[in-house]
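What follows is the residue order along each chain.
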Amino acid sequence: MTRNAQPAGAETAPAAPGAANATAHGLTIVARSQGQLIRRRFFRHRGALFGMFLFLVVVVLSISSIGLGPIPGWWDKSPTETGTVTGGGPTLSVLPSFLGGGGVHLGEHPFGQDNIGRDYFALTMRGTQVSLMIAIVVGLVSTLVGTIIGAAAGYFRGWIESVLMRVTDVMIAIPTLLIAGLIGSIVADRGVVLFALFLGLCLWTQIARLVRGEVLSLREKEYVEAARSVGTSAGRIIFKHILPNAMGIIIVSATLAIASAVLTESALSFLDLGVQPPDTSLGRQINDYRTALTVRPWLFYWPGVFIIAIALSVNFIGDGLRDAFDPRQTRVRD
Amino acid sequence: MTRFGRTSKLVAAALGGVLVLSACSSSDDDSGDDGGESPGASGPSGTVTYAMAQPWQSWNVATAGANSAANGQVMEQVISGFWTYGNEDGQPIPNEDFGTFEKVSDDPLTVNYTINDAAVWSDGTPIDCDDILLWWTVQSGTFDSVFSAVGTQGVEDTARPECAAGDKAFTLAYDQPFADWVTAGPGHGNNAMLPAHVVSQQGGFGSEEEFIAALQGDDPAPLEAAGEFYNNGWLISGALPDPALIPSSGPYIVSEYVADQSITLTANPEWWGEPPASETVVFRTIAEEEQVQALQNGEVDIIEPQPTVDIAQQIQAASGIANEVGDEYTYEHLDFNFNQGVFADNLALRQAFSLCVPREQLVDNLIRPVVPDSTVKEVRNVAPWDSGYEEAVAASQPVIDEFGVQDIERARQILEEEDAVGTPVVLGTLENQRRVDAGQLIQAACNEAGFEVDFQPAADFFDTNGALAQNRFDVAMYAWAGAADRSGWNSTYRTVTECSAEGKGNNNGCYSSPEMDELLDQVLRTSVEEEAIELTSQIELLLWEDMVTIPLYQHPGITAWGQGVENVIPNPSQNGIAWNADQWSKS
Amino acid sequence: MLVFIARRLFVSIWVFLAASVLVFILSTNVRDPLAEARQLPETARESAIRVITERMHLEDPVLVRYFRWLSDAVTGNLGVNRQGLDVNARLETAFSATLQLITGATVLAIIIGITIGVISALRQYSALDQTVTFIAFVCFSLPLFWVGTLLKQFLALDFNDWLADPVISPLFIGGIALITGLFCGGVVVGDRRSRITAFVSSTAAMAILLSVLSATEWFSDPSLGPIVVALTAIGGAIGFTTLVSGLEWKPPLQAALIAAAVGIVAYFALDPVLDDPQLLTIVLLLLVTVGICFAIGWFLGGDLYRRNAIPAAVLTGVFTGAVIFVDRMLSSFQSYSASVNNRPISTVGAETPNYEGTFWESGLDSFGHLALPTLALVLISLATYTRYTRASMLEVMNQDYVRTGRAKGLSERAVVTRHVLRNGLIPITTLIAYDIGTIVGGAVVTEQVFGWSAMGSMLFDGIREGDPMPIMAFYVVSGGAIVLFNMVADIAYAFLDPRIRLS
């Protein structure tokens, strides 16, 4: 069953033993220095910086433009407001006039309009918000569940481990799109948040396995032994001594879970098993306008560009974090 | 040198082996070089390929479970009958190749049928009395525990036709008038006449006479095995049934089937009518979104997708593709809930809602990009190309002028008079792109007028537990299939026994009016055209006056075909384009 | 070991069954199977509802339905769907279509992915490595359905249009040549000068090649011809020998060259056989090739070099055979293209219905239908293998035994092929085993986009109709594959890695 000895990005390997040794000596000082090390390594990772920047751009753009909930945005059109279709084409122009372009401006409808005259920029931003929200909820829920199950299984061993890992095996045995599709067609009608929660409840297996592997090795460490010998409770050991040291692997997995959740959500919505109207998401929009590629290409391209931007930036951040934490794992796309 | 010597020996050995091999297999001569197309010296040639979104599931379209449009399309040219829906206007047209029929009396309604003397199944068996009796037994519901049928309306009112083995003529005598007597006779689709000799043989009968006797008897027991075969033996599970079980009575036979990929029809050598234009017609199973690209890429010749704005424009923008757009029989409408909620007992509110619905804008944004000359639908049960359409519109015009044209001011005024500004309204529909767009337009307009529209598109809208069946709507938006028949929509407005999922039938809003029930009875029982037109006009007027439903638009249809494909004639009936597939050809 | 396998098998079966209960319960709740029947006209409604209720046993509790399914399923009967059609038959065609789709894509993704991963690890932190990493991330972040639609438009429709007049624009030639040059320049080891030489020469070579192909309209009637086949075969011989043993010893090189020569002779000698062969003929020829080349290697290698000469000869022979095969395919291209309206790359489905042609034409028909979905699948799964191989290789390259190898003066080729590659690829085999399990269930989106009626459409029909039977059939195959290959991966890992206790 054990399959945790996997290769990792070896380029950062030399730094890791130092950090691990430091952990064993004293808590406060080492924690900070480890954090500094990680930060330094992360910010030296060009891909990660690029990812961070791109991700922030997408988040800030989507929230600031049309606002969120009661907060108004700077863009004057809403994703629900219908209107007359004025040609429908996009008015965005980025080529300055002295180069023969139309000048740099957004225009009335930068991404064009849809069938019933809604502003497609506002719609895309709304779709981006929903897709991001789903991805983050899925990432959080699956990380939480996976961490709890993995930590409990790894720490308690015995029958608890057997039961929890069998449950994990059962979830793994069901193909992602099968379980997500079934869940999607049952709960997607009842709102985006519920859909995201349930999706998160299906996609935690990878994290549970990784965390369990990490905990299995951490629980044999001397400081855990020491804590156990002075009678510290299991919960305290797990939360105070083991999980903080497994944080690297958890954070990295959570990041990658978010990236894959963006793609899973959009695939489900594309197959009509995900977000249901009147809600919208990027995958939903591609599904609605997949036949528009040759006649109204902007309706097809923009949501795709934003899906790629989100997935790409989060993947880069994850890669940077992995190099920074040097967890011994690699990604598998499902 | 020794090494070289060994090398050359090796080469020689290798060549030897190679030559032996080539000797073994060079006996297959150079046949098959001409990529499959073999223009025959006589008879039809060529292949036309049609893309169909749904899979083919049954050779017998006449059972309750198999009555799908896709099954009907495939079987249209394989099983023929006295009539079929066709032409540009989708009306029933008689098929003289198969036989002739004639109404000989109005009271009692009596129709004489004669099958063409030359008519035979493709295995050579004549089409005659046993086929007639099997058809009648199934369609009349006489042994409905044995034979599955889609519906029995009309035929259940006829007496069992008299005939003996070998007879080709029979009479249907109705015990009460029936408006749609033409389409009640043996025709296409769910009213098709299937090969009785196959059913008889599979049911364990020794001879035609024996089977006829069983069909004429009162006991269903001896027919159990035959019924089992009739209901299930023609289902298509992964492969075609034995060719002996699927003899054809039309221009084509089903010759090849690859599950979920394609169905191949080839010309029926025993066909006695005019030979079909192409040797083979292939139906390929392709999802609608992929059809335009497949047509552009020459993988199929004819497509007929549900047109979204983009699919229509994509077709119109593509080069080398001919297309025709037009309205379908299917039409979209809004139903009010008469059982519960704000509209149930309040005509004024219904009128106010009708006044805020942007019917013109819906057509403008969603339909005209596909069918440029489409118009708002003014009446429900007759299509613009049906007889009696002008009369029905003229009768309803005063009400349409008053309440059927969008006037948000007026709607708001009524709401204020009724002290109902801010009335919440649940607008339910099945979730798909066009309906979601339409719902959002209605929501925007009616909110402006002072309603609080809660738009709820749902994938389970039609489910037993869905919004429509469970009355969880104030206004429901969906479509009726529509047809030239008058019996098809009769139950839609008839008072129901109980307003529940089981009890309400097609009358989803549970509208009830004794006057309407009376009119509906009359229209079903008249076989005189003028009377039927007059009654239909009265019904439409009453529907507007009571504001039962709001008609929105005919569904748009689009048909496109590639270069060199000829004789594609779209028609608005559900029968679709395959009605004249025997005339399709490709140069 | 046997005890370990038996126990693992036992656990797998229970896991599989437990998951099947979950899937069954979920799939009875997705949609109302009577929804369409309820829309029928009143006269037809009741009988339709009755038929479906009876057929699907809708009145029984879920668990009763599950155990009915299970007891049928263990006898190999997967039941009938809502229309009463046999699910086994559907599964059979669906699975064979999916298999057809994923086999080539998986093999290609693994081969290309590992190759690129190895190259990028060997040139760590070079511009090439950075570019590959970036492209891998982009591919990894692509939504498949979006890419698929684009591929259909640009690689099928536009490419087919282009084939009608296959002239390559100068801009395009320049671009491709430049990319080739940059790649070659990046791969070559050595100082600045040799890299620049590599860049310039490969750019020029590519530009000339493309211009000639364009000018002769090669793409409308492509073929390699004897000269190209011969040159490729000899090049292959040299290349494989370099990989297997290096060029410093004669016998392996001789063996490989003779294998290539035999291949070239066979190119002419086999002409009549290859006009319209059966699949069996091809398989036989492959076996004969392997046999002959084995013999060549055996005899020429002598006792000393046999270990190197045999693989060099066999690889060269098979490679030459493959080149001849490709040449034959290409020669049939024009006639195939003509038989499908000159539009060889298809956008939809698995085959042209009722296509009749020679072995090569039918092969091209499959290829034309497989090309785009395979490309899409390869694009996105490539990244996993590339990244994984790179990490694994880098890990191995930092090991002491690699350093030792270098220190004792082994050639770079020997270090890489003998120590790095072999050890680096072990963990990848486990990954592949694990990955293959998920592929069956992972291809459904691709199938949808490219209109393949395969496992995916069976699953989605089931979901749309609220019909558990097709869904369960999908699960039996895709979930079964996951459970099976997980088990295989675990066992293989336990077998390969002695650190794992087999208690």
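Quantities reported herein were computed from a predicted structural model and do not represent experimental measurements.

Okay, the overall build of chain C next. Of regular secondary structure, chain C possesses 19 helices and zero strands. For chain C, the spread of C-alpha atoms along the principal axes amounts to about 80 × 65 × 45 Å. Evaluated residue by residue, chain C yields a buried proportion of 48% over its 503 residues. Pairs at least 24 residues apart make up 73% of the contacts formed inside chain C by residues separated by at least 6 positions.

Assigned secondary structure in chain A consists of 12 helices and zero strands. In sequence order, the secondary structure elements of chain A are arranged as α-α-α-α-α-α-α-α-α-α-α-α. Sorting the 334 residues of chain A into buried and exposed places 52% on the buried side. Within chain A, contacts between residues at least 6 apart in sequence are counted, and of these 69% link residues at least 24 apart.

In this section: the domain arrangement of chain C. Many analyses report the size of an interface as the accessible area lost when the parts associate. For chain C, the assigned domains read domain 1 (2-88) and domain 2 (223-341). Relative placement of domain 1 of chain C and domain 2 of chain C: their C-alpha centres are 52 Å apart.

The next subject is the interface of chain B and chain C. At the junction of the two partners, chain B supplies 62 residues and chain C supplies 64 residues. When residues of the side of chain B that touches chain C are traced back to their parent elements, those giving at least two are α1 (2-25), β7 (252-258), β8 (262-267), β9 (280-285) and α8 (288-296) of chain B. If one sorts the elements of the side of chain B that touches chain C by residue count, α1 of chain B sits on top with 12 residues.

So, about helix α13 (residues 408-417) of chain B. All names here are of chain B. Buried within α13 are the following residues: Ala-411, Ile-414 and Leu-415. Looking down the long axis of α13, one finds its buried residues gathered within 100° of arc, a one-sided arrangement. Structural note: α13 exposes Glu-409, Glu-416 and Glu-417 on the side pointing more than 90 degrees away from its buried face. Remark: Asp-419 follows α13 within two positions and exhibits a positive phi of approximately 55°.

Counting residues at the interface gives 50 residues for chain C, matched by 44 residues for chain A. Counting residues per element, the ones that place at least two in the side of chain C that touches chain A are α1 (2-27), α6 (127-140), α7 (144-163), α14 (359-397), α16 (412-442), α17 (444-449), α18 (455-465) and α19 (468-496) of chain C. The leading source of residues in the side of chain C that touches chain A is α19 of chain C, at nine residues. A breakdown of the residues in the side of chain C that touches chain A according to their chemical character gives 31 nonpolar, 15 polar and four charged.

Right, let's get into unusual backbone geometry. All names here are of chain B. For the peptide bond that leads from Asp-107 to Pro-108, omega is 0°, which places it in the cis range. Counting through the fold element by element, Pro-108 comes out in the loop between β4 (99-106) and β5 (109-115). Unlike most non-glycine residues, Cys-510 shows phi in positive territory, near 60°. By the secondary structure assignment, Cys-510 is in the loop between β14 (475-480) and α15 (514-525). Note on Cys-510: 21 C-beta atoms within 10 Å, which makes it buried. The phi torsion at Asn-567 lies on the positive side, around 65°, for a residue other than glycine.

For the rest of this paragraph, the subject is the nonpolar core. If you look at the biggest cluster of nonpolar residues, it comprises 355 residues, and the most contacted ones within it are Val-138 of chain A together with Cys-356 of chain B. In this view, Cys-356 of chain B contacts Gln-406, Ile-408, Ala-411, Ala-445, Cys-446, Ala-449 and Phe-451 of chain B; residues no more than four positions away in its chain are not counted. With 33 residues, the next largest nonpolar core counts Ile-258, Ala-260, Tyr-305 and Val-314 of chain C among its residues.

With that settled, consider α8 of chain B. Turn by turn, an α-helix covers 3.6 residues, leaving residues three or four places apart pointing in a common direction. Counting buried positions along α8 of chain B gives eight out of nine residues, so the element sits mostly inside the fold. When we look at burial in α8 of chain B, the residues that qualify are Glu-289, Glu-290, Gln-291, Val-292, Gln-293, Ala-294, Leu-295 and Gln-296 of chain B. Here the buried face of α8 of chain B lies against β1 (47-52), β10 (302-303), α9 (309-317), β11 (321-336) and β15 (549-562) of chain B together with α7 of chain C. Phi turns positive, to about 70°, at Gly-298 of chain B, one or two residues after α8 of chain B.

Residues and elements named next belong to chain B. Its location among the elements puts Gln-351 in helix α10 (residues 347-356). According to the C-beta neighbour criterion, Gln-351 is partly exposed, with 17 such atoms within 10 Å. Residues Gln-351 and Phe-336 lie 15 residues apart in sequence; the distance between their C-alpha atoms is 11 Å. Not counting chain neighbours up to four residues away, the residues in contact with Gln-351 comprise Phe-403, Ile-414 and Met-547.

All names here are of chain B. Inspection of the sheet shows β4 paired to β5 by seven bridges, in the antiparallel sense. Counterpart to Glu-102 in the pairing with β5 is Asn-112. Counted between consecutive antiparallel strands, the loop separating β4 from β5 contains two residues.

Residue and element names in this part refer to chain A. Where helix α3 (residues 46-66) meets helix α4 (residues 120-156), the axes come as close as 9 Å, and the angle between the chain directions of the two elements is 125°. Considered as vectors, α3 and α4 are oriented oblique to each other. Note on packing geometry: the crossing formed by α3 with α4 is left-handed. Residue-level inspection shows Val-58, Val-59, Ser-62, Ile-63, Ser-65 and Ile-66 of α3 in contact with α4, the latter providing Ala-122, Met-125, Arg-126, Thr-128, Gln-129 and Leu-132. Tallied by class, residues from the contact of α3 with α4 come to seven nonpolar, four polar and one charged.

Should the pLDDT be low somewhere, the predicted coordinates at that spot are not to be read in detail. Residues and elements named next belong to chain A. Per-residue confidence for chain A gives a mean pLDDT of 79; residues scoring 70 or more make up 81%. Ranking the elements of chain A by mean pLDDT puts helix α1 (residues 15-25) last, at 42, and α4 first, at 91. Considering only residues more than four positions removed or in separate chains, one finds that residues 1-24, a stretch of pLDDT under 50, has 48 contacts. For the stretch residues 26-31, pLDDT sits under 50, and the model shows three contacts to residues farther than four places along the chain or on other chains.

With respect to the element layout, Pro-353 of chain C can be found in the loop between α13 (333-339) and α14. With near-sequence residues (within four places) excluded, Pro-353 of chain C lies in contact with Val-258, Gln-261, Ser-262, Thr-264, Val-282 and Arg-284 of chain B.

Right, let's talk about the packing of helix α3 (residues 129-140) of chain B against helix α6 (residues 208-216) of chain B for a bit. All names here are of chain B. It is at 10 Å that the axes of α3 and α6 come closest, and there the two elements cross at 25°. One finds that α3 runs roughly parallel with respect to α6. As for the relative orientation of α3 and α6, their crossing is left-handed in sense. The segment α3 lies against α6, with Cys-129, Asp-130, Leu-133, Leu-134 and Thr-137 engaging Glu-208, Phe-211, Ile-212, Leu-215 and Gln-216. Its residues assigned to classes, the contact of α3 with α6 shows six nonpolar, two polar and two charged.

Residue and element names in this part refer to chain B. Judged from the 12 bridges that link them, β11 and β15 form a sheet pairing that is antiparallel. Of the residues in β15, the one forming a bridge with Val-325 is Ile-558. Both β11 and β14 contribute to a ladder of six bridges, which runs antiparallel. Residue pairing for β14: Glu-332 is matched across the bridge by Ala-479.

Below, the discussion takes up the sheet that holds β4 of chain B. Residue and element names in this part refer to chain B. Taken together, the three strands give an open sheet; going across it, the order is β4-β5-β6, and neighbouring strands pair in antiparallel fashion. Of all the strands in the sheet, the pair left with one neighbour each is β4 and β6 (169-173). Ignoring which end each strand starts from, the neighbouring axes of this sheet average 20° apart. Bridging between β5 and β6 involves five bridges; their strand directions are antiparallel. Among the inter-strand pairings, Tyr-113 is bridged to a residue of β6, identified as Phe-170.

Parameters and conventions
- Residues numbered from 1 in each chain as written.
- Chains lettered and ligands numbered in written order.
- Predicted model: local features only at pLDDT ≥ 70, side-chain atom pairs only at ≥ 80, totals over all residues.
- Helix = DSSP H or I, 4+ residues; strand = E, 2+ residues; numbered from the N terminus.
- Buried ≥ 20, exposed ≤ 12 C-beta atoms within 10 Å, placed from the backbone.
- Contact = placed C-beta atoms within 7 Å.
- Domains from an automatic or database assignment.
- Arc of directions from axis to C-beta.
- Nonpolar A, V, L, I, M, F, W, Y, C, P; charged D, E, K, R; others polar.
- Core = buried A, V, L, I, M, F, W, Y, C linked by C-beta atoms within 7 Å.
- Pairing = 2+ DSSP bridges.
- Axes fitted to C-alpha atoms, helices over the stretch in contact; angles between N-to-C directions.
- Parallel < 35°, antiparallel > 145°, perpendicular 65-115°, else oblique.
- Left-handed = near helix turned anticlockwise from the far one by under 90°.
- pLDDT = per-residue confidence, 0-100.

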